[in-house]
Structures are given as structure tokens and as C-alpha cells.
Amino acid sequence: ISDRAFVINNKNFHEYNIRFTNIDIFGSLHNILYFCLILMIHMQIPDIIIAIDGYSSTGKSSFAKIIANEFSFLYLDSGALYRGVTLFAIENGFITDDCTIDVPGLEKAMENLDLHFGEGGTYIGDRCIEKEIRSLAVAGKVSPIATVPEVRTFVDRKLREFGKNKRIVMDGRDIGTTVFPDAELKIFMTAEPMIRAERRAAEMRAKGQDVDINDVLKNLQERDYIDSHRATSPLTQAADAIVLDNSHMTMEDQMVWIKEIIRERFGL
Ligand code: DC
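Described below are features of the structure shown in this document. Being a predicted model, the structure only gives us computed values, none of them experimental. All chains use their own residue numbering, which begins from 1 and follows the written sequence. Predicted model: local features are reported for residues with pLDDT of at least 70 only, side-chain atom pairs are reported and counted for 80 or more only, and whole-chain, interface and lining totals are derived from all residues. As a rule here, side-chain values cover all heavy atoms of the structure and leave hydrogens and water aside.

Description of the sheet that holds strand β6 (residues 121-124)
Point 1. Ordered by their spatial adjacency, three strands build an open sheet running β5-β6-β7, and the pairing between neighbours is antiparallel. Pairing within the sheet leaves two strands with one partner each, and these edge strands are β5 (115-118) and β7 (127-128).
Point 2. Should DSSP find at least two bridges between two strands, the strands are regarded as paired. The numbering of helices and of strands both runs from the N terminus, where a helix is a DSSP run of H or I of at least 4 residues and a strand a run of E of at least 2. By the bridge criterion, two bridges tie β6 to β7 in an arrangement that is antiparallel. Residue pairing across strands places Ile124 opposite Arg127, the latter belonging to β7.
Point 3. Working rule for contacts: check all heavy atoms of both residues, and any pair within 4.5 Å makes them a contact. Only the stretch in contact is used when a helix axis is fitted, and all axes are lines through C-alpha atoms; the angle between N-to-C directions ranges over 0 to 180 degrees. Contacts between helix α3 (residues 78-91) and the sheet are confined to β5, β6 and β7, with β5 contributing the most and set at about 130 degrees to the helix.

What follows is the structure in C-alpha cells.
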């Protein structure tokens, strides 16, 4: 049985595919019972928004994706939209190498910017930009772009559209404080800087990039600083967020942790 969450006309849908791998009646019965169990669990989870905020490279998106998968929610990566605007700004000359931003020019151009999520990630119009937005060139300019209030208004409007149908897990920096201050469950993720830098460096090395751990640490600290000190919607822990310091936790540990919280909060 597989479950795929997707969006059409801003409505969340789930597609269940059941594939019978044998014609054994007991095996099929087992599959049907399993499917019913998943449906019951799905129906029991209330319509809520789960907001996951925190520092760079704390594993927010991996954690959010697994939660979304576990509870058949839609996962949304708010950082991808900031990265999309950054790519657009770089390609159209609205940001210089030293990060001077032509704000009026960018604001005007965003009126016609068709930035959205689609099959396989983030798109501008018909063009999938998922690979480009993960590049170092974009990573180096996204925090300054995300300080621009006009950019935040543009992204927030898109993000809030998704919230109308609830049943979403969204990760970012200001989801629980600004985008969805009424989210039913807010998690604030943190981890020791060196541990985050090591995780990030390992990811980059796995992609074949040659990285120096000190450069990665410096980049993380710079981004944390800019994200936490900007005037509009800085990265801060919402008063009602639950802190998750995953410095010494595996993903399994984190799932046990969140399931316990969901069980306690929502009586599941
Ligand atoms: O999660 P990420 O690393 O892909 O985010 C990229 C940048 O976007 C990050 O440096 C800060 C910014 N961002 C933000 O300001 N607010 C959000 N809700 C999400 C991301």
C-alpha cells in the first residue's frame, strides 16, 4: 500500500495505491486489514498544522518529511520558496555578488513570478529549479534575500494558501511565529553548531563536493546570525513551541519523541 499526498487547486489530496503481490486469499485479507488500519489511523489524526522551525542544518526537512509520511500529511518546505526567489533574483540581476539587492526592481518583477511546488519539487513556470536552488550560489545569497520584507510578504501569501486545508507539516524559520501563529503543534529544532556542521559537510561530501568543515561551520553561523537578527520575522522560538535538541538523537529517537507528543496532545 502506498500513499501519495498532492495538491490540486490548493486542496490536499491523498492517493492510495494498493498492489496485491499474491493471490493467496489470506495474504490479500492481510493487505486489506492493513489498509483499513492505515485508514483508521489517518482518519483519527485531527486536521492540524505542524510547524517546524529552527536553525540551519538541524534536519528540519528530513524530520518534517517523515512525519508527513507517517501521518499522511502534506509536507511543505518554505525555505525552497526563499531559495526560488533568490535564484530568480540572481538570474535577473536583482542581487549583486556583494549581496546588494535592488528591492524595488525585485518587488516589481515578483508580480509576474510564477513560483510554485510541483512534481519533483519547486518550479518557476514550467521549469523545475529544485537542483539549482540547492546550489552554493543560492545558499550564499538566500539569507540576505529572506531579510527583504517584500520577499517575505510574497512567500507568506503562498504559504498561507496551503494552510487553508490543514493537514500539513511545514518547516522554516518563522512558521510558528508569523506564517501560522495558531498552528496546533510547533516544534523548534536545534543542535550543537559543530554537530550540525559535520552533518552538513557529510551531506555535501556525499554529493561529491570537497568541503572544509570550518567553512561549513562559518556559513552555518553566518546564516543563523542573519536569520535571527533580521528586522522582519526573525528566527525565534515561539512561546508555545516545544524544543527538540537533536544533537545526540537518531531519526528513530526523534520519531519516538514526536509520536509521544502527538499521542499526549491529540489523544491518539
Ligand atoms: O531551510 P533552508 O535552509 O532551505 O532555508 C533557506 C533560507 O531561507 C534560510 O537561510 C532562511 C530563509 N528562510 C526564512 O527566512 N524563513 C523561512 N520560513 C524559511 C527559510
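So, next bit.
Quick look at unusual backbone geometry
Point 1. For Ser57, which is not glycine, the phi dihedral falls at a positive 55 degrees.
Point 2. Its location among the elements puts Ser57 in the loop between β3 (49-54) and α2 (60-71).
Point 3. In the Ramachandran plot, Ser233 falls in the positive-phi region, its phi being about 45 degrees despite a non-glycine side chain.
Point 4. With respect to the secondary-structure elements, Ser233 resides in the loop between α9 (213-229) and β10 (242-245).

Considering the site of the ligand
Point 1. Taken together, 15 residues are adjacent to the ligand, and Arg83, Arg152, Asp174, Arg223 and Arg230 come closest.
Point 2. Contacts to the ligand include Arg83, whose side-chain N or O atom sits 2.7 Å from an oxygen atom.
Point 3. Expressed as a share of its isolated accessible area of 450 Å², the protein-covered part of the ligand is 94%.
Point 4. At the level of elements, α3, α5 (136-146) and α9 are the ones that each hand at least two residues to the shell around the ligand.
Point 5. Per element, the largest residue contribution to the shell around the ligand is four residues, and it comes from α3.
Point 6. Amino acids are sorted into nonpolar (Ala, Val, Leu, Ile, Met, Phe, Trp, Tyr, Cys and Pro), charged (Asp, Glu, Lys and Arg) and polar (every other residue, Gly among them). In the shell around the ligand, the residues fall into four nonpolar, four polar and seven charged. Any residue with a non-hydrogen atom lying within 4 Å of a molecule or strand is treated as near it. Polar contacts, as counted here, are pairs of nitrogen or oxygen atoms within 3.5 Å of one another; within protein the pair requires one atom able to donate a hydrogen and one able to accept it, and residues that are adjacent in sequence qualify only if both atoms are side-chain atoms. For the area figures, the Shrake-Rupley method with a 1.4 Å probe applies, and any residue is considered shielded solely by the protein chains shown.

Points about the packing of aromatic side chains
Point 1. The aromatic pairing rule takes the rings of Phe, Tyr and Trp, using the six-membered ring of Trp, and pairs them if the centres are within 6.5 Å, calling planes under 30 degrees apart stacked, those over 60 edge-to-face and the rest tilted. Applying the stated rule across the entire model yields three aromatic pairs.
Point 2. With a centroid separation of 5.8 Å and 80 degrees between ring planes, the pair formed by Tyr55 and Phe188 is classed as edge-to-face. Of this pair, Tyr55 sits in the loop between β3 and α2 while Phe188 sits in strand β9 (residues 185-190), and the two are 133 residues apart along the sequence.
Point 3. Here the term buried applies to any residue with accessible area under 20% of the maximum for its type, exposed to any over 50%, and partly exposed to those in between, with areas from a 1.4 Å probe on protein chains only. A residue is classified by how much of its surface remains accessible, and Phe188, at 6% relative accessible area, is buried.
Point 4. Judged by centre distance (5.8 Å) and plane angle (50 degrees), the rings of Phe117 and Phe162 are tilted. Residue Phe117 is located in strand β5, and its partner Phe162 is located in helix α6 (residues 149-163); the two are separated by 45 residues in the primary sequence.
Point 5. On the basis of relative accessible area, Phe117 is assigned to the partly exposed category, the value being 25%.

Any link to function would need more than the numbers given here.
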